[in-house]
Amino acid sequence: MMEELVSVEEMLEDKDEDVRFLAKLVIKYQELLERNQVMDFASIQTKTYHMLKNHPDILKKINVSIKYIMVDEYQDTNPSTA
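Reading the values: rules and limits
- Numbering of residues begins from 1 in every chain and follows the order in which that chain's sequence is written.
- At least 70 in pLDDT is required for a residue's local features to be given in this predicted model, at least 80 for side-chain atom pairs to be given and counted, and no such filter applies to totals for whole chains, interfaces and linings, which use all residues.
- Hydrogen atoms and water are omitted, and side-chain values are computed over all heavy atoms in the structure.
- Here a strand is any run of E in DSSP of at least two residues, a helix any run of H or I of at least four, and the numbering for each starts at the N terminus.
- Only protein chains enter the accessibility calculation, which uses a 1.4 Å probe; a residue is then buried when its area is under 20% of its type maximum, exposed when over 50%, and partly exposed in between.
- Contacts are assigned to residue pairs that have any heavy atoms within 4.5 Å of one another.
- The protein chains shown are the only cover counted for residues, whose accessible areas, like all others here, come from Shrake-Rupley with a 1.4 Å probe.

Enquirer: Help me understand the overall build of the protein chain, please; the structure alone is not making it clear to me.
Expert: The number of helices and strands found in the protein chain is 4 helices and 0 strands. Reading the protein chain from its N end, one meets helices and strands in the order α-α-α-α. For the protein chain, buried positions account for 16% of its 82 residues. Contacts in the protein chain between residues far apart in sequence, at least 24 positions, make up 54% of those at least 6 positions apart. In the structure as shown, the protein chain presents an accessible area of about 7,000 Å², 57% of it carried by carbon and sulfur atoms.

Enquirer: Would you take a moment to explain unusual backbone geometry for this structure?
Expert: Look at Leu-5: it is not a glycine, yet its phi comes out positive at around 60 degrees. Locating Leu-5 in the fold gives a position in the segment before α1 (8-12). By relative accessible area, which is 28% here, Leu-5 ends up partly exposed. Notably, Gln-37 is not glycine yet its phi reads approximately 50 degrees, a positive angle. Tracing the sequence through the fold places Gln-37 in the loop between α2 (17-35) and α3 (41-54).

Here it is as structure tokens:
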């Protein structure tokens, strides 16, 4: 779900009880990652995506210094890596 950039906030407001429960699980999982100061692969992707989206100065520096990016795992394409 994190890789699909699903809004946990919107899920918490969903009328479906199961969707709200799943949102709470995602929040708990993210809290565990933070508490243990670790990142899973989805976190690496989404945090990078949000950093580049929210900090155009960083994106500009990267655009200037990196000309090509090789994507090795096509099956890992999703909204956060597209």
